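Understanding the architecture of this molecule
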Amino acid sequence: MLFRDEQTERCLFAGILADPCVLGWCDAVEFDDFSCLHLKFAFGALRNLQARGEPITFESIETELTRLGNVQVDMARIYDTLTEGYVYRERWQVDDHIAWLRRLARRRANA
């Protein structure tokens, strides 16, 4: 498992949603790297969308989760989880997490 806590998982997921291009740096990140179940299933749906070349948004992830039968994953809970700890409308915090994610992906690619 790559991540050690839910905060790290939230940072990764929020970074990807804020800037889906970041996903290109995350080839080494896998479904089983997540310990938080709702983020794990949402990340699996996100990977499916990526494989099909579809846009990555909250709505498309929710649609994919429904298609896969993972209706128990509550996107409202994911949204609340992602925004917890952020000062609302402070984009710099999300940008910091995107930068962190890029550094992590580079380290994993070079390992």
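Residues numbered from 1 in each chain as written. Predicted model: local features only at pLDDT ≥ 70, side-chain atom pairs only at ≥ 80, totals over all residues. Heavy atoms only, no water.

What follows concerns the overall build of the protein chain. Helices and strands together make up the secondary structure of the protein chain, namely 5 helices and 0 strands. Going from the N terminus to the C terminus, the protein chain shows its helices and strands as α-α-α-α-α. Here the protein chain holds 111 residues, and the buried ones make up 43% of them. Considering only residue pairs separated by 6 or more positions, the protein chain has 60% of its internal contacts joining residues 24 or more positions apart. When the accessible surface of the protein chain is summed, it comes to about 6400 Å², and 52% of that surface belongs to carbon and sulfur atoms. (Helix = DSSP H or I, 4+ residues; strand = E, 2+ residues; numbered from the N terminus. Buried < 20%, exposed > 50% of the residue type's maximum accessible area, 1.4 Å probe, protein only. Contact = heavy atoms within 4.5 Å. Areas by Shrake-Rupley, 256 points an atom, 1.4 Å probe, with all protein chains shown as cover.)

Looking now at the nonpolar core. Generally speaking, a soluble globular protein has its nonpolar side chains buried in company with each other. Phe13, Leu23, Phe43, Leu46, Ile56, Ile61 and Ile78 are the most contacted members of the largest nonpolar core, which has 22 residues in total. Secondary-structure elements contributing two or more residues to this core are α1 (6–18), α2 (37–52), α3 (58–67) and α4 (75–83). Counting residues per element, this core draws most heavily on α2, at 6 residues. Apart from residues lying up to four places away in sequence, Ile56 is in contact with Leu17, Pro20, Leu23, Leu46, Leu49, Gln50 and Ile61. (Core = buried A, V, L, I, M, F, W, Y, C linked by side-chain atoms within 4.5 Å.)

What follows is about the confidence of the model for the protein chain. In this model, the protein chain carries a mean pLDDT of 77, and residues with pLDDT of at least 70 account for 79%. Mean pLDDT values for the elements of the protein chain range from 69 in helix α5 (residues 91–110) up to 90 in α2. (pLDDT = per-residue confidence, 0-100.)

This brings us to α2. Residues spaced three or four apart along an α-helix face the same direction, because each turn holds 3.6 residues. Between its first and last C-alpha, α2 extends 23 Å over 16 residues, near the 22 Å set by a 1.5 Å rise per residue. The complete set of buried residues in α2 reads His38, Leu39, Lys40, Ala42, Phe43, Gly44, Ala45, Leu46, Arg47 and Leu49. Within two residues after α2, Gly53 carries a phi angle of roughly 75°, on the positive side. (Expected span 1.5 Å × (residues − 1).)

This part is about the side chain of Ser60. Among the secondary structure elements, Ser60 is positioned in helix α3. Note on Ser60: relative accessible area 17%, which makes it buried. Filtering out sequence-adjacent residues up to four positions away, Ser60 remains in contact with Leu49 and Pro55.

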